[in-house]
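Here is what each chain is made of, one letter per residue.
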Amino acid sequence: AKSHHRGTAILFTAQHETDLRSQSLIEQTLRHADLEAEFELVYQPIMDVTSTKVVAFEALARWDSPHLGRVSPMDFIPVAERSGLIQELTRSLFAKALSALEGWPEDVALSFNLSTCDIAAPAAMAQMAGLITSSGVRPERILFEVTETALMRDCADARQSLMSLKALNIAIAIDDFGNGYSSLSYVHKLPLDKLKIDRSFIADVATDQACRDIVRSIVDLCRNLRIACIVEGVETQEQMLVLRSLGCLFMQGYLFSRPMPLAEVAAFLKACDQS
Ligand code: C2E
Ligand code: CA
Ligand code: CA
Ligand code: CA
């Protein structure tokens, strides 16, 4: 038993070291990366399931590194945050997203992810606001997604950042709702327009009564607070029908489309009779 235990410990250490090595490799590579050239956005539609029209596209970052190949945002976003590169990356990506948005129909919005570090830095937020103002797109067409952890960590600063966005008529969504510490206590204190229910509740919604109850109560909460509710990670027709019966109107997931390159957005909109 003793040697087995030691074996496990060694295995754990080796895995841990591999993680640290790959994180520092990502960090080194990221420091020397050409942010403009190596990073792109793909776009995933958020659907109004009643009209089957696209209400928005969520922009999702992709990194194709000449040295590392494709790296997932789950791997490079945390590294970019820790190493102080996130603000520059966010600004560069947001400029690309804004110019994409300029080419879309007026009734289609852009949903863009902000990290904790972005909303914690008032100067960075002011720069983002400047990009919007000089682009000429209506700020009402922009939705920023922020996670619960981002909001919890620095509630006062985050609140101030969000208020300054609100002043410009930019909408704010809380992302990954329900995944993490319970948030009901501060949801009503923040100027939120939308709430995205975490994908983990959707995976079993068709088969698990407890998941259904949770989704139903979040939908009720949104109705009471008068904020729109979006469900993400909808993969099957069955999930979609159950979610509709629970009162969900806005959905996103592989059932409708995977995230797509900008070049495919026009054809997708055309197929939805929106061009
Ligand atoms: P997120 O904001 O929760 O984005 C949704 C993730 O779920 C995306 O993964 C998307 O591709 C994936 N997804 C969408 N529909 C389905 C589905 O039906 N089933 C399943 N299993 N997955 C689905 P992705 O693109 O790998 O992004 C992962 C995370 O990285 C995002 O989670 C977000 O937190 C972060 N991220 C991505 N782009 C950016 C960015 O530009 N800025 C910041 N700060 N974070 C980003
Ligand atoms: Ca998101
Ligand atoms: Ca999410
Ligand atoms: Ca997530």
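Residues numbered from 1 in each chain as written. Chains lettered and ligands numbered in written order. Predicted model: local features only at pLDDT ≥ 70, side-chain atom pairs only at ≥ 80, totals over all residues. Heavy atoms only, no water.

S.K.: Can you walk me through the coordination of the calcium ion (ligand 2) in this structure?
M.R.: By definition of the ideal shapes, four donors in a tetrahedron about a metal sit 109.5 degrees apart, and six donors in an octahedron sit 90 or 180 degrees apart. The protein atoms donating to the calcium ion (ligand 2) are E58 (OE), N113 (OD1), E145 (OE) and D175 (OD), with metal-donor distances spanning 2.1 to 2.3 Å. When the donors of the calcium ion (ligand 2) are listed by position in the chain, the intervening gaps give E-x54-N-x31-E-x29-D. Separating the calcium ion (ligand 2) from the calcium ion (ligand 3) is a gap of 3.9 Å, bridged by D175, which donates to each. Note that N113 is positioned in strand β4 (residues 109-113) and D175 in strand β6 (residues 171-177), a separation of 62 residues in sequence. (Donors = N, O, S within 2.8 Å, 3.2 Å for Na, K, Ca; no water. Helix = DSSP H or I, 4+ residues; strand = E, 2+ residues; numbered from the N terminus.)

S.K.: Is there a simple way to explain the site of ligand 1 in this structure?
M.R.: Around ligand 1 lies a shell of 22 residues, among which A61, R62, R199, E235 and Y254 are the nearest. Side-chain polar atom of D175 to an oxygen atom of ligand 1: 3.1 Å apart, as the coordinates give it. One nitrogen or oxygen atom from the side chain of D176 is found 3.2 Å from an oxygen atom belonging to ligand 1. For ligand 1, whose accessible area on its own is 800 Å², the fraction buried by protein is 85%. (Near = heavy atom within 4 Å. Polar contact = N/O pair within 3.5 Å; in protein donor to acceptor, adjacent residues only side chain to side chain. Areas by Shrake-Rupley, 256 points an atom, 1.4 Å probe, with all protein chains shown as cover.)

S.K.: Looking at this structure, I do not really get the nonpolar core. What am I missing?
M.R.: Most often, soluble globular proteins have nonpolar side chains that are buried together. Counting 75 residues, the largest nonpolar core has Y43, F57, F112, F144 and V215 as the members making the most contacts within it. Per-element accounting of this core gives the leading share, eight residues, to helix α4 (residues 86-102). Not counting residues up to four positions away in its chain, the partners in contact with F144 are F94, F112, L114, M128, I132, L165, I170, A171, I172 and A173. (Core = buried A, V, L, I, M, F, W, Y, C linked by side-chain atoms within 4.5 Å. Buried < 20%, exposed > 50% of the residue type's maximum accessible area, 1.4 Å probe, protein only. Contact = heavy atoms within 4.5 Å.)

S.K.: What am I meant to see in the coordination of the calcium ion (ligand 3) here?
M.R.: Around the calcium ion (ligand 3), the protein contributes the donor atoms D175 (OD), D176 (OD), E232 (OE) and E232 (OE), at 2.1 to 2.8 Å from the metal centre. Between consecutive donors of the calcium ion (ligand 3), the numbers of intervening residues give the motif D-D-x55-E. Given a relative accessible area of 23%, D176 falls into the partly exposed group.

S.K.: Explanation requested: the environment of P139 in the structure shown.
M.R.: With respect to the helices, strands and loops of the structure, P139 is situated in the loop between α6 (122-135) and β5 (142-147). P139 has contacts with I132, L168, N169 and I170, leaving out every residue within four places of it along the chain.

S.K.: Looking at this structure, how should I read the side chain of T29?
M.R.: The residue T29 is located in helix α1 (residues 2-31) in this model. Given a relative accessible area of 12%, T29 falls into the buried group. Within the structure, the side chain of T29 is placed 2.6 Å from the backbone oxygen of L25, a separation counted as a polar contact. Excluding residues that lie within four positions of it along the chain, T29 makes contacts with W63, S65, H67 and L68.

S.K.: Just checking my understanding: could you explain the pairing of strand β8 (residues 228-231) for this structure?
M.R.: The side chains of a regular strand alternate between both faces of the sheet. Inspection of the sheet shows strand β7 (residues 194-197) paired to β8 by four bridges, in the parallel sense. By the bridge assignment, L195 is partnered in β8 with C229. What joins β8 to strand β9 (residues 250-251) is helix α12 (residues 237-245), and the crossover it makes is right-handed. (Pairing = 2+ DSSP bridges. Right-handed = clockwise from strand over helix to strand, strands pointing away.)

S.K.: Just to check I follow, could you spell out the packing of aromatic side chains for this structure?
M.R.: Within a pair of aromatic rings, the relevant descriptors are the distance that separates the centres and the angle that separates the planes. Across all of its chains, the model carries nine aromatic pairs by this definition. Considering the side-chain rings of F39 and F76, the 5.3 Å spacing of their centres and the 80 degrees angle between planes classify their relative orientation as edge-to-face. With F39 in strand β1 (residues 39-48) and F76 in helix α3 (residues 73-82), this residue pair connects regions lying 37 residues apart in the sequence. F76 shares its class with F39; the two are buried. Taking the centre distance of 5.4 Å and the plane angle of 45 degrees together, the rings of F94 and F144 count as tilted. Of the two residues, F94 sits in helix α4 while F144 sits in strand β5, which places them 50 residues apart along the sequence. Given the relative accessible area of 0%, F94 is considered buried. Look at F144 and you get buried, because its relative accessible area is 1%. (Phe/Tyr/Trp six-rings, centres within 6.5 Å; stacked < 30°, edge-to-face > 60°.)

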